[in-house]
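Overview (structure and organization)
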Amino acid sequence: MIDLRSDTVTKPTPEMLNAITHAKLGDDVMRDDPTVLRLEEVTAEILGKEAAIYMPSGSMTNQIAVRLHCQPGAEFICETTCHVYNMEQGAFSQLSGVVARPIEAEQGVWRLEQLQSLIRPCDDHQVRTRLLTMENTHNRAGGRVVPYDRVAEICAWAHDSGLVTHLDGARLFNAVVATGIAADQWASHFDTVSVCFSKGLGAPVGSALAGPATLIREAQRHRKLFGGSMRQAGIIAAGALHALENHIDRLAEDHRHARILGEAVNRCEGLSLPGESVDTNIVIFTVDEQLGTAQQVVQRLAEQGVAVLAVAPQLIRAVTHLGITEQDVRQVARAIQEIGSQIAGA
Ligand SMILES: *Cc1c(COP(=O)(O)O)cnc(C)c1O
């Protein structure tokens, strides 16, 4: 099976397994694991932040960020289709008593004017607007890079307005490679940033939250509370460290592969890219009703050895990653073409 369901499906490379085998370990709850500490140091450095902390998942880094920034009864502004709001069980409300203010964006990209009137006045009837979160690249917008100037403009406005900012950078390194803009430059606009090692970077487990040292120290307490403190975590942190040091530049290859898929989709009658272009490693495409439902097209692709995900009734997502070769991508392009020819022949 050519597995394009997500960039989370990657297996460790032989070199990564070697790094894992030789990792120096300790008890990370006692902050004794040298590999975890090294990963945190390198992550903080790459993101230009004082400190970073390793956690089991990106959901945890995001939710702990919201919790660090917001008191119960506070609200945060987020994009309607973002991961923090849709894919983490509303943990901000379940675990932290925080309210979300989702604001829809065209292809994941807000205009500043949409946000300017949202900050609530100081009034006993109302929640307090405290935090703005952004996602980059934007998963549901098809791996869209939210343009740098827009990020800078919105975060400057947020800070001027007394808000704090958090970046869900699960795929920040895809934005880095796609634009040539360094991770620390993107991160400089945010108080806290979370990054995933287990997406395109190809590590088996984990994410990190980066920010000011005092906040990250506090995040360590919340990590314990959420059950995310691990003992000899260097065994997985070694994979993450290897990924960070070796797998960033190669994301360009995933982007090239995704563009090939995007072109195949565009050529196929009955399939189309809502955003018209492919920025990074995610290809989200619409299935015209004359081809059936997304689920039916997923089934037909599965019969040809290709696994993709239906993410809405007429929407499919395919994601490239380090387990996918150019030959695989060419084969998927042929399978897509085959599907289009079914209408053409009808
Ligand atoms: C994958 C992902 C996360 C974190 O997911 P986990 O499975 O909890 O690690 C966060 N944000 C975005 C945009 C993601 O794609």
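Residues numbered from 1 in each chain as written. Predicted model: local features only at pLDDT ≥ 70, side-chain atom pairs only at ≥ 80, totals over all residues. Heavy atoms only, no water.

Glancing now at the sheet that holds strand 13 (residues 315-319). Pairing is antiparallel in the open sheet, where four strands are placed in the order 9-10-13-12. Edge positions in the sheet fall to strand 9 (271-272) and strand 12 (309-312), since each has one partner strand and no second. As defined by bridge partners, strand 12 adjoins strand 13 across three bridges and the pair is classed as antiparallel. By the bridge assignment for strand 13, Leu309 is matched with Arg317. Along the sheet face, helix 12 (residues 251-267) touches strand 9, strand 10 (282-287) and strand 13 and points at about 10° away from the line of strand 10. Against the sheet, helix 13 (residues 294-303) contacts strand 10, strand 12 and strand 13, and its axis sits at roughly 170° relative to strand 12. (Pairing = 2+ DSSP bridges. Helix = DSSP H or I, 4+ residues; strand = E, 2+ residues; numbered from the N terminus. Contact = heavy atoms within 4.5 Å. Axes fitted to C-alpha atoms, helices over the stretch in contact; angles between N-to-C directions.)

Let us now look at the site of the ligand. In the vicinity of the ligand there are 13 residues, among which Gly58, Ser59, Asp168, Arg171 and Lys199 approach most closely. Here an oxygen atom of the ligand and a backbone polar atom of Gly58 are 2.8 Å apart. Lys199 is positioned such that a nitrogen or oxygen atom in its side chain is 3.0 Å from an oxygen atom of the ligand. Here the ligand has 390 Å² of accessible area as a free molecule, and 83% of this is covered by the chains. (Near = heavy atom within 4 Å. Polar contact = N/O pair within 3.5 Å; in protein donor to acceptor, adjacent residues only side chain to side chain. Areas by Shrake-Rupley, 256 points an atom, 1.4 Å probe, with all protein chains shown as cover.)

Let us now look at the pattern of salt bridges. Taken as a whole, this structure holds 15 salt bridges when the rule is applied. The residue Glu75 makes a salt bridge to Arg101 at a minimum N-O spacing of 3.1 Å. You can see Glu75 sitting in strand 3 (residues 74-79) and its partner Arg101 sitting in strand 4 (residues 99-103), a full 26 residues away along the chain. In this structure Glu75 comes out as buried when scored by relative accessible area, which is 1%. The partner of Arg150 in a salt bridge is Glu153, and the shortest N-O contact between them spans 3.7 Å. Placement of both Arg150 and Glu153 in helix 7 (residues 148-160) is noted, with a separation of three residues, approximately one turn of the helix. You can call Arg150 partly exposed: its relative accessible area is 27%. (Salt bridge = Lys/Arg side-chain N within 4 Å of Asp/Glu carboxyl O. Buried < 20%, exposed > 50% of the residue type's maximum accessible area, 1.4 Å probe, protein only.)

Keep in mind that these numbers describe shape and distance, not what the molecule does.
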